[in-house]
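# Residue-level structural notes
Listed here are the chains, written in short residue letters.
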Amino acid sequence: MQPMGNERPGPPNFPGRPASSPFGAAPQTTMPSPQTTMPFLSSGPVVGSDAFGYRAAAAPPVRFNGPSMSSPPASYPSSNLGAYQRFPSPNYLSTAQSPGPLRGPAYTGQPGLPPPTLPSMGQQPVLAPTVAARPFQIPPVPMGPPTQNVNPTPPRGNIPPSAESSFPALRPVLQSSLHGYPSRQPIPVAHVPPPQASPFHPQQGFVPPPPGGTPVSLNSREHVPYTSAGPPLGALQGLVEEFSSLTVGSVPGSIDAGIDSQALPRPLDGDVEPSSFVEMYPLNCHPRYLRLTTSAIPNSQSLLSRWHLPLGVVVHPLAEPPEGEEVPIVNFGPAGIIRCRRCRTYVNPYVTFTDGGRKWRCNICALLNDVPGDYFSLLDASGRRCDADQRPELTKGSVEFVAPTEYMVRPPMPPLYFFLIDVSSSAVRSGMLEIVAKTIKSCLDELPGFPRTQIGFITFDSTLHFYNMKSSLTQPQMMVVSDLDDIFVPLPDDLLVNLSESRSVVDTFLDSLPSMFQDNVNIESAFGPALKAAFMVMSRLGGKLLIFQTTLPSLGIGRLKLRGDDLRVYGTDKEHMLRLPEEPFYKQMAADLTKCQIGVNLYVFSDKYSDIASLGTLAKYTGGQVYYYPSFQGDVHKEKLRHDLARDLTRETAWEAVMRIRCGKGVRFTTYHGHFMLRSTDLLALPAVDSDKAFALQLSLEETLLTTQTVYFQVALLYTSSSGERRIRVHTAAAPVVADLGEMYRQADTGAIVSVLSRLAIEKTLSHKLEDARHTVQLRIVKALREYRNLYAVQHRLSGRMIYPESLKFLPLYGLALCKSIPIRGGYADAQLDERCAAGFNMMVLPVKRLLKLLYPSLMRLDEYLVRAPVADADDFRNFLKRLPLTAGSLDPKGLYIYDDGFRFIIWFGKMLSLDITANLLGVDSSGYPELSKFILPELDNGVSRKLMGILKRLRESDPSSYQLCHLVRQAEQPREGLLLFANLIEDQIGGAGGYIDWIQQIHRQVQQSA
Ligand SMILES: [Zn+2]
């Protein structure tokens, strides 16, 4: 057995705390002596399969899909360290001092550079470096600007000079591939066929149509006149064609064009998972784990070139299983996991057994493999293994294998949560600090991994504050470091502790944290130095780093300029620079963090510009997530932060993970989109990935003509579970190869297509204007519909109709919604820059269902249900409430409505809504209140209130990934009504952007232009 993702050689003496580097160092360079090398690496029988197998990751050149990086840091000395001596200071010092081409001058600490900016709160110059260790004192001692810390640094004489170089310089080769999303194509890109290589580039000759246009008529009675259910594989071409259509043309005799917007297709049932996927291949994994943009793979380049939409998949490896199901766990025990000897595919329902059960054929590469003796079973008359029904790996599309020690390069790491918390004045004033401290404390019992879970904290303003949490202390001990120029970690052994052992110290700390800084007036942010310090503390074990930041980093390395938004660059070729990280520091830190198995989740709270474009890079390349709370006010937004953070701390998390997706011969994944770092051309490094993250990939054909009937896909996520087991979650699926374009369109999955298109469009905004991103979305829809039209236009008289496959009926609307989504809509005035960037980071990781809901949220009328419907079981509201078109025309002034995009609720009170309902919901006569912005919906003791609360609860439970805070708005309460609701009614004209009908007109006109 070959280790999969044995990216980090580990020391033998783990028990929870490895003594040597968790980095992906090449074993031979890390371990000087034979007895310390790689106890868990097998020298298994399989060799020569590297090109396809996980073995490729064995000595991992880490890269971001660009040129290969040189070997990861290779020389954390381990021989002289005890098992618990986790923080040999040489490493930290060398880290802080290691020169690197990517780092700015301040980073290198070289002479001749401006001195670091020291605390600016009227402090006198501080001798550097200084550290004060003192007993932790609860409330009375203000722990704000620590001018008082005076103890000189312990001499660093114990550091061998050679250690200075033990953290190698960082690699400049990262840079080119780290420039935002667009460069995610793995090498060698030369193999990418033209249609796939540049499908999303602006097309020459495309002229956007003028705004407005001729009147059209859209008549619902004309909808779907030709539909019939065709055979799934298009075997009966030509008998009955299958398409849907809309009449697009003026109605004779009508003055106002008689537009019947009711006729337009709308996804009022939300995302519908494609059924053909499992109908055709019942052994496939559930589509929530893997969705193809079309479940009919083209058999040739020429066919693919006529598809025009992305060909790819969306994978959601840790999705929650469908109700009533779970992913079976398979333990092969000493026999080891059965994998193809050549391509390393895992045994799955599509492998076939022959030779009386002694051989099995790989469904991906067709190699005939031997069946190990321990795995042998006789075959029945049909050639099926007699024990197949007892073997989930042979009958289920999703299984989880327990990985033997060959899959480990060190013992499985414990779950580790490290918190880096801004305690500057705004963090305190906004209420953030108190809510975060309380929420963390309330989740301590639920953190996964008891009793191995590790925890630690650093807080910062203009200085860094470390906390000794050793279990023998009765209360934590705070140490302040104010030298930002040469960061080191005091008392490294006790900053990261076992939660169950140090529980009372951690509790005391979290109880005291808000009051410790309650009078802090420090407004500076030494974020970069604090980040480096956190990295130093965590680097041995890896884990999850949660960052809470309320201001623009202002001191030390990684400080950011208030570059802000700039109206003047919109529409120019510099526009996209606003959305790119400014400081290479953050990309480089992300690379270092990933190598050490640290995933970053970033919580940003500022009401001013915080440069999320730069900060978000940390989450982007470490498999993490960006949470953004603009204008955060604790009393208003408390519940959302509390729930989001609790979810983050308690959801299923896979640690030190890598993911690879294999596919059959002739097809190849060429681009990857989401939050991760590419470790090799096809291995995604995911330091900490959870059940809320999805990834998109694009496929290309390697050969001109595919000769196989079926293409197989297999997703394999190797990870450490919170319980400390090494596991491999495997999802397998098959799709037919077709020679017919109509079949490709019939088998299209709009949800998967929109997911890929969204990621591509957001990536495009990092290298192009927003307008260009929108045009490419529109252009691809036009080209696809034009191609589709050409299939049928000859046979049928279709001049006044827009035709499309039933499978893509919502594609134009989702395309419009995407163009109006925050990351790519409008221009300067249409979204604040931070908001735009945060929304882009968010959309890059969303699973299909949640993305579609965000793009086309639900709008439902509530008042009739609240008043009339009997109180029945809590779920009955779903039978009463209907989703409405997202247009102001759906809003009746007598009504009460809820808008739900999965991230927030907006409750709209019509001007003429019954005062009874208002009083029952708000508990007061709201007529005296000019606006509802400060109102928090109370739970009141009456039927109307209870019913509404029940609905909100149910809606939240149906998607716990994000907490929907309730925003109340009254009709005509401007500008809130416009900002909250009208800006998101995407079927209407908003600002300069046309509505749904305009959009359909435009698309139809363009489809016909050269049809
Ligand atoms: Zn194979």
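Residues numbered from 1 in each chain as written. Predicted model: local features only at pLDDT ≥ 70, side-chain atom pairs only at ≥ 80, totals over all residues. Heavy atoms only, no water.

Bringing the overall build of the chain into the picture now. Within the chain, the secondary structure is distributed over 28 helices and 30 strands. Burial statistics for the chain: of 1011 residues in total, 62% are counted as buried. Counting contacts in the chain only where the partners sit at least 6 residues apart, residues at least 24 apart contribute 77% of the total. When the accessible surface of the chain is totalled, it reaches about 36600 Å², and 55% of it is carbon and sulfur. (Helix = DSSP H or I, 4+ residues; strand = E, 2+ residues; numbered from the N terminus. Buried < 20%, exposed > 50% of the residue type's maximum accessible area, 1.4 Å probe, protein only. Contact = heavy atoms within 4.5 Å. Areas by Shrake-Rupley, 256 points an atom, 1.4 Å probe, with all protein chains shown as cover.)

In this section: unusual backbone geometry. Most peptide bonds are trans, and most residues other than glycine sit at a negative phi. Of note, the bond from Phe-450 into Pro-451 is cis; its omega dihedral lies within 30 degrees of zero at 5°. Here Pro-451 lies in the loop between helix H10 (432–443) and strand S12 (454–460). Residue Pro-975 follows Gln-974 across a cis peptide bond; omega there is 5°. Note on placement: Pro-975 falls in the loop between strand S30 (965–970) and helix H27 (976–981). Phi at Leu-491 is positive, roughly 45°, even though this residue is not glycine. One non-glycine residue, Ala-972, adopts positive backbone phi at about 70°.

Looking now at the nonpolar core. By size, the foremost hydrophobic cluster in this structure holds 110 residues, and its most contacted members are Leu-290 and Phe-713. Ranked by size, the runner-up nonpolar core spans 57 residues in total, among them Leu-416, Leu-531, Phe-535 and Met-536. (Core = buried A, V, L, I, M, F, W, Y, C linked by side-chain atoms within 4.5 Å.)

On to the coordination of the zinc ion, then. In the first shell of the zinc ion, the protein supplies Cys-340 (SG), Cys-343 (SG), Cys-362 (SG) and Cys-365 (SG), at 2.2 to 2.3 Å from the metal. Classification of the site at the zinc ion as tetrahedral follows from its four donor atoms and the range of 102 to 115° in their angles at the metal. Mapped onto the sequence, the donors of the zinc ion take the spacing C-x2-C-x18-C-x2-C. Just as Cys-362 is buried, Cys-365 falls in that class too. (Donors = N, O, S within 2.8 Å, 3.2 Å for Na, K, Ca; no water. Tetrahedral: all angles 85-135°; square planar, octahedral: opposite > 155°, others 65-115°.)

Before going further, it helps to spend a moment on the sheet that holds strand S5 (residues 312–315). Pairing in this open sheet of four strands is antiparallel, and the strands run S3-S5-S23-S20 from one edge to the other. Of all strands in the sheet, those bounded by a partner on one side alone are strand S3 (290–292) and strand S20 (667–673). Across the sheet, the mean angle separating the axes of adjacent strands is 25° when strand polarity is ignored. Taken together, the six bridges between S20 and strand S23 (residues 695–701) define a ladder with antiparallel strand orientation. When the bridges of S23 are listed, Val-667 appears paired with Leu-701. Across the sheet, helix H18 (residues 750–764) touches S3, S5, S20 and S23, and the angle it forms with S23 is around 95°. (Pairing = 2+ DSSP bridges. Axes fitted to C-alpha atoms, helices over the stretch in contact; angles between N-to-C directions.)

Our focus in this paragraph is helix H12 (residues 527–538). Each α-helix winds once per 3.6 residues, and so residues spaced three or four apart point in a common direction. Relative to the 16 Å expected for 12 residues at 1.5 Å per residue, H12 spans 16 Å between its end C-alpha atoms, a close match to the ideal helical length. If you check which residues of H12 are buried, you get Phe-527, Gly-528, Pro-529, Ala-530, Leu-531, Lys-532, Ala-533, Ala-534, Phe-535, Met-536, Val-537 and Met-538. (Expected span 1.5 Å × (residues − 1).)

Turning our eyes to something else, we now look at the pattern of salt bridges. Counted under the stated rule, the structure contains 49 salt bridges. A salt bridge links Glu-987 to Arg-266, with the nearest nitrogen and oxygen atoms 2.6 Å apart. Taken as a pair, Glu-987 in the loop between H27 and helix H28 (996–1009) and Arg-266 in the loop between strand S2 (244–247) and helix H6 (276–280) lie far apart in primary sequence, 721 residues in all. For Glu-987, a relative accessible area of 8% gives the class buried. A residue is classified by how much of its surface remains accessible, and Arg-266, at 11% relative accessible area, is buried. Linking Arg-651 and Asp-648 is a salt bridge whose minimum nitrogen-to-oxygen distance equals 3.1 Å. When sorted by exposure, Arg-651 lands in the same class as Asp-648, which is buried. (Salt bridge = Lys/Arg side-chain N within 4 Å of Asp/Glu carboxyl O.)

A full pass over the atoms with the stated rule returns 27 aromatic pairs. Each residue in the set Phe-548, Tyr-603, Phe-605, Tyr-627, Tyr-629 and Phe-632 is aromatic and connected to the rest through ring pairs, giving one cluster. One Lys or Arg, Arg-385, reaches over the ring of Tyr-375 and ends 4.2 Å from the middle of that ring. (Phe/Tyr/Trp six-rings, centres within 6.5 Å; stacked < 30°, edge-to-face > 60°. Lys NZ or Arg CZ within 6 Å of the ring centre and 35° of its normal.)

The side chains of a regular strand alternate, residue by residue, between the two faces of the sheet. Of all 13 residues in strand S25 (residues 726–738), 13 are buried, a share of seventy percent or more. Of the pairings in the sheet, the one linking strand S4 (residues 297–298) to S25 comprises two bridges and is parallel in character. Bridging from a neighbouring strand, Pro-298 pairs with Val-738 of S25. Pairing geometry for strand S10 (residues 398–402) and S25, over five bridges, is antiparallel. Residue pairing for S25: Phe-401 is matched across the bridge by Ile-728.

A few words on the environment of Gly-616. Turning to its location among the elements, Gly-616 is positioned in the loop between helix H14 (612–615) and helix H15 (617–620). Residue classification places Gly-616 among the buried positions, given a relative accessible area of 0%. Along the sequence, Gly-616 and Val-600 sit 16 residues apart, while their C-alpha atoms lie 9.3 Å from each other. The contacts of Gly-616, once residues within four sequence positions are left out, are Leu-602, Val-626 and Phe-841.

A separate point is the packing of helix H25 (residues 915–922) against helix H26 (residues 943–958). Packing of H25 against H26 leaves a shortest axis separation of 8 Å and a crossing angle of 65°. Here H26 runs roughly perpendicular to H25, going by the angle between their axes. Along this stretch, H25 crosses H26, giving a crossing that reads as right-handed. Together, Ile-917, Asn-920 and Leu-921 of H25 and Val-944, Ser-945 and Leu-948 of H26 make up the contact between the two elements. (Parallel < 35°, antiparallel > 145°, perpendicular 65-115°, else oblique. Left-handed = near helix turned anticlockwise from the far one by under 90°.)

Turning our attention to H18. An ideal rise of 1.5 Å per residue puts 21 Å on 15 residues; H18 measures up with 20 Å between its terminal C-alpha atoms. The buried fraction of H18 is high, at 15 of 15 residues. The backbone nitrogen of Gly-751 lies 3.0 Å from a side-chain oxygen of the residue at the head of H18, namely Asp-749. (Polar contact = N/O pair within 3.5 Å; in protein donor to acceptor, adjacent residues only side chain to side chain.)

On to the sheet that holds strand S28 (residues 896–900). Taken in spatial order, the four strands make up an open sheet running S27-S28-S29-S30, and their pairing is mixed. Edge positions in the open sheet fall to strand S27 (858–861) and S30, since each of these has one partner strand only. The average angle at which neighbouring strand axes cross in this sheet is 20°, direction not considered. Bridge count for S27 against S28 is four bridges, and the pairing is antiparallel. Looking across to S28, one finds that Met-860 is bridged to Ile-898. In this fold H25 packs onto S28, strand S29 (904–909) and S30, with an angle of close to 145° to the strand it touches most, S29.

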